[in-house]
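# Secondary and tertiary structure notes
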Amino acid sequence: MDISLSELRIVESELGVELDVLLGAIEEALLHAYLRAPGAVRGARVELDRSSGKFTVWAPELDEDGEKIGEFDDTPSDFGRIATTTARSIISQRLRDAEAKRILGDFHGKQGEIVSGVVESNASSSSEVRDLFVELGENRGLLRAEEQVPAEHFAHGDMIRALVLDIAVSPRGASIRLSRSHPDFVRQLFRTEVPEIDDGLVEIVALAREAGHRSKIAVWSADPEVNAKGACIGHNGQRVRAVTQELQGEKIDVVDYDDDPALFIGAALSPAKAVRVDILNADTRQARAIVPDEQASLAIGKEAQNVRLAAKLTGWSIDIRKASEDPQTQRELGESSN
């Protein structure tokens, strides 16, 4: 069975998708279908006649040395049904994509990006529910209560920035979910503020966040001449301060990533400074950090938040021990005083 080119030309005119693009997509899909069939010949190709809609599977003919000397028709006898189903599936997908693009307009493809909008109203009349509708040009996003930072409060008419979590298009229109509590919101804010991240010179290797309280990001650069941490902090702290202001005062620790887990763990405990980090068990990723007595509470943090975020950032379980409780540190101090 041949593919109806007349149907494809209708799709071409309605969607503005070139016929060659549709045919190329169908050829690729048919080739995948052929290669999954028993007895398929590797290196085959599918050809669709642009004038008749007839499709053919051409398989390579090899000599005794494995060299290609020609091609032969290896179109399966039942391939017509597969071709028809595949073509309809691709046409349906193209129609869905076109409808999504029509509904979303310039918003199409913004998932994972930060967008700005205006708070319209609460999505519920209940005072206990803080879901918000946000006007995003021709579209409207939903910022649910669980995607907000508890300490933040927005009123009708407020400008707001948020991360686009996901976009779905249904017969009723577009559904755009937003978030200000997701860790990637912090990641994208730094991408906006730090050109070196956007250019790929600096990489955010890891990020841990407790929204509204504290975030830790580990950064690295393959270029030895680029100070990754300094680039993210900015001159006089200007760049990290801009992120903090957008997060309404959330504390941010920018630390250097290191392949050496001991060095990375020590950096992750910022603002505390570890005297030493011992790797207790590399297989179970357990470590102990020795800190000055007066910095023990700083290393642990209020309600253990600092060490908890450091553990999330590094992927290691971290035990904090005071220097006065560590025999090795005491011996080293004793030796240095003699």
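Everything below is about the structure printed above this text.
Attention here is on the structure that accompanies the text. Just so you know, these numbers come straight off a predicted model, no measurement behind them.

### Re the packing of helix H8 (residues 261–268) against helix H10 (residues 305–314)
Here H8 crosses H10 at 145 degrees, and the two axes come no closer than 9 Å. Of the two possible hands of crossing, H8 and H10 adopt the one that is right-handed. Residues Phe264, Ile265 and Ala268 of H8 form the contact with H10, whose participating residues are Ala310, Leu313 and Thr314. Looking at the contact of H8 with H10 residue by residue, the classes come out as five nonpolar, one polar and no charged.

### Description of the sheet that holds strand E10 (residues 214–220)
Across the sheet, which stays open at both edges, the three strands sit in the order E9-E10-E11 with mixed pairing between neighbours. Sheet topology places strand E9 (203–210) and strand E11 (251–256) at the edges, where each strand pairs with a single neighbour. Each adjacent strand pair in this sheet contributes to an overall mean axis angle of 15 degrees, direction not counted. As paired strands, E10 and E11 are joined by six bridges and run parallel to one another. Bridge assignment links Val219 to a residue of E11, and that residue is Asp256. Where helix H4 (residues 183–193) meets the sheet, it contacts E9, E10 and E11, and its direction lies at approximately 135 degrees from that of E9. Across the sheet, H10 is in contact with E9, E10 and E11; its angle to E9 comes to roughly 140 degrees.

### Describing helix H7 (residues 238–246)
Every buried residue of H7 is listed here: Val240, Val243 and Glu246. Viewed along the axis of H7, the buried residues span an arc of 120 degrees, placing them on a single side of the element. Turned more than 90 degrees from where H7 packs its buried face, Gln238 and Gln245 sit exposed. Just past H7, the residue Gln248 takes up positive phi, approximately 55 degrees.

### Considerations on the environment of Phe133
Within the fold, Phe133 resides in strand E5 (residues 132–136). Take Phe133: its relative accessible area is 22%, and that puts it in the partly exposed class. Residues Phe133 and Glu120 lie 13 residues apart in sequence; the distance between their C-alpha atoms is 5.4 Å.

Conventions adopted
- Per chain, the residues get numbers from 1 upward, laid out in the order the sequence is written.
- Confidence filtering applies because this is a predicted model: local features only for residues at pLDDT of at least 70, side-chain atom pairs given and counted only at 80 or more, and all residues used for totals across whole chains, interfaces and linings.
- Note that water and hydrogens are dropped before the side-chain values are worked out from all heavy atoms of the structure.
- Axis lines are fitted to C-alpha atoms, over the contacting stretch for helices. Their N-to-C directions set the angle, which ranges from 0 to 180 degrees.
- Strands here are runs of E lasting at least two residues and helices are runs of H or I lasting at least four, both read from the DSSP assignment and numbered beginning at the N terminus.
- Crossing handedness: left-handed means the near helix sits turned counterclockwise from the far one by under a right angle, and right-handed means the same turn made clockwise.
- Any two residues whose heavy atoms approach within 4.5 Å at even a single point are treated as in contact.
- Under the scheme applied here, ten amino acids are nonpolar (Ala, Val, Leu, Ile, Met, Phe, Trp, Tyr, Cys and Pro), four are charged (Asp, Glu, Lys and Arg), and all others, including Gly, are polar.
- Criterion used throughout: strands pair if DSSP finds at least two bridges between them.
- Residue burial is assigned from relative accessible area. The probe radius is 1.4 Å, only protein chains are included, and a residue is buried under 20% of its type maximum, exposed over 50%, and partly exposed in between.
- Each C-beta atom gives one direction from the helix axis, and the arc is the one those directions make.

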